[in-house]
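Descriptive analysis of the structure
So you can see what is in the structure, the chains are spelled out below.
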Amino acid sequence: MRIYEKAPAKINLMLDVLRKRPDGYHEVEMIMTMVDLADRLEMSELPRDTIIISSQVGYIPLDEKNLAFQAAQLIKDRYNVNKGVYIHLDKKIPVAAGLAGGSSDAAATLRGLNRLWKLGISDEELRDLGAELGSDVPFCVTGGTALATGRGEVLTPLPNPPQCWVILAKPPINVSTAGVYGRVRADRIQQHPSAKRMEEAIRENSFAGVCRELGNVLEDVTLKLHPEVQRLKEAMIRLGADGVLMSGSGPTVFGLVSKEAKIPRIYNGLRGFCKEVYAIRLLT
Ligand SMILES: C[C@@](CO)(OP(=O)(O)O)[C@H](O)COP(=O)(O)OP(=O)(O)OC[C@H]1O[C@@H](n2ccc(N)nc2=O)[C@H](O)[C@@H]1O
Ligand SMILES: Nc1ncnc2c1ncn2[C@@H]1O[C@H](COP(=O)(O)OP(=O)(O)O)[C@@H](O)[C@H]1O
């Protein structure tokens, strides 16, 4: 049997860091939503009890460092599955970009293997398994739009934001999530974005409100380390995006745009100095 799963990318509409926890993680408040840019996973049974990962790209690990491998191993161990699986990752989401590509692959693997091996695991259990793999994995298990608290694994579903265009631009630099969190001084954050006001804007279906309430305290760290991310933000604003923010720990910058007619100018303008640019829709 062969099954397929889509693993979409996420963006953070707001991200606040409240404090550092004794376990080394940070207590956060984030509102996340999915965008229509996805990896595609193909999973099929193997005659031997082993996990094999392949991908069309050469720049991700294919061994036990791959989050899809870890997800398959976890589900096999926890549910005593003595079967093998071959997982092909058709990567479309830029890697180490702040778009949760690896987390979404892990979540898609959990969903897919639950189906392939007919394990009957509930969504809640899948999210709990996901939390063992990474803070963003539980959100990626169910997707949609959600308020994420705790270290990101405590989820409250929200309605989807008003539909719009999303321009993603990923500069060619590597940002480490742990490195960015490690530089945050929660007690020194000047301006905290408001989860409450972003939630209100979403519930009112107000595109202007969503753009107004965009905010990410991790920008302070990543923009200082990589001034080109700041320049990318400025270019996107200048080219006419309605709201602009860095996603997660970066370095991807996203722009929300309501009018389709604006897209070619923004897309072409950014392509002038950034190779990886995508014009997509929210996944609503
Ligand atoms: C910043 C965010 C925003 O959505 O996404 P990305 O930029 O990675 O996409 C997430 O909080 C990233 O989640 P994820 O990438 O799953 O992180 P994890 O693997 O759990 O943790 C990686 C490292 O980041 C730090 N970390 C992560 C989450 C958190 N709430 N506090 C932390 O301090 C820890 O140092 C941890 O060792
Ligand atoms: N399935 C996967 N897809 C992409 N990257 C992966 C995967 N599994 C492990 N990784 C590793 O995870 C790291 C973070 O990748 P990714 O999840 O794309 O970033 P982010 O958390 O910033 O969105 C990369 O350094 C990559 O080598």
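Report on the accompanying structure. (Residues numbered from 1 in each chain as written. Chains lettered and ligands numbered in written order. Predicted model: local features only at pLDDT ≥ 70, side-chain atom pairs only at ≥ 80, totals over all residues. Heavy atoms only, no water.)

Description of the pattern of salt bridges
- Counted under the stated rule, the structure contains 21 salt bridges.
- Note that Asp49 and Lys76 form a salt bridge whose closest N and O atoms lie 2.4 Å from each other. Pair noted here: Asp49 is in the loop between strand S2 (26-46) and strand S3 (51-55) and Lys76 is in helix H1 (residues 67-78), with a separation of 27 residues, a long-range link.
- The exposure class of Asp49 is partly exposed, given its relative accessible area of 47%.
- Each of Glu5, Arg111 and Arg115 takes part in one network of salt bridges that share partners. (Salt bridge = Lys/Arg side-chain N within 4 Å of Asp/Glu carboxyl O. Helix = DSSP H or I, 4+ residues; strand = E, 2+ residues; numbered from the N terminus. Buried < 20%, exposed > 50% of the residue type's maximum accessible area, 1.4 Å probe, protein only.)

Comments concerning the site of ligand 2
- Around ligand 2, a shell composed of 17 residues is seen, among which Leu67, Lys91, Ala100, Gly102 and Asp105 lie nearest.
- Lys91 is positioned with one of its side-chain polar atoms (N or O) 2.9 Å from a nitrogen atom of ligand 2.
- Between an oxygen atom of ligand 2 and a main-chain N or O atom of Ala96, the distance comes to 3.0 Å.
- Counting atoms within 2 Å of the grid points, the majority share of ligand 2 lands in the largest pocket.
- The element contributing the most residues to the shell around ligand 2 is helix H2 (residues 101-116), with 4 residues.
- Across the shell around ligand 2, the residue classes break down as 9 nonpolar, 5 polar and 3 charged. (Near = heavy atom within 4 Å. Polar contact = N/O pair within 3.5 Å; in protein donor to acceptor, adjacent residues only side chain to side chain. 1 Å grid on protein atoms, 1.4 Å probe; cavity = no way out; pocket = protein on both sides within 12 Å on 5 of 7 lines; lining within 4 Å. Sits in = over half its atoms within 2 Å of the grid points. Nonpolar A, V, L, I, M, F, W, Y, C, P; charged D, E, K, R; others polar.)

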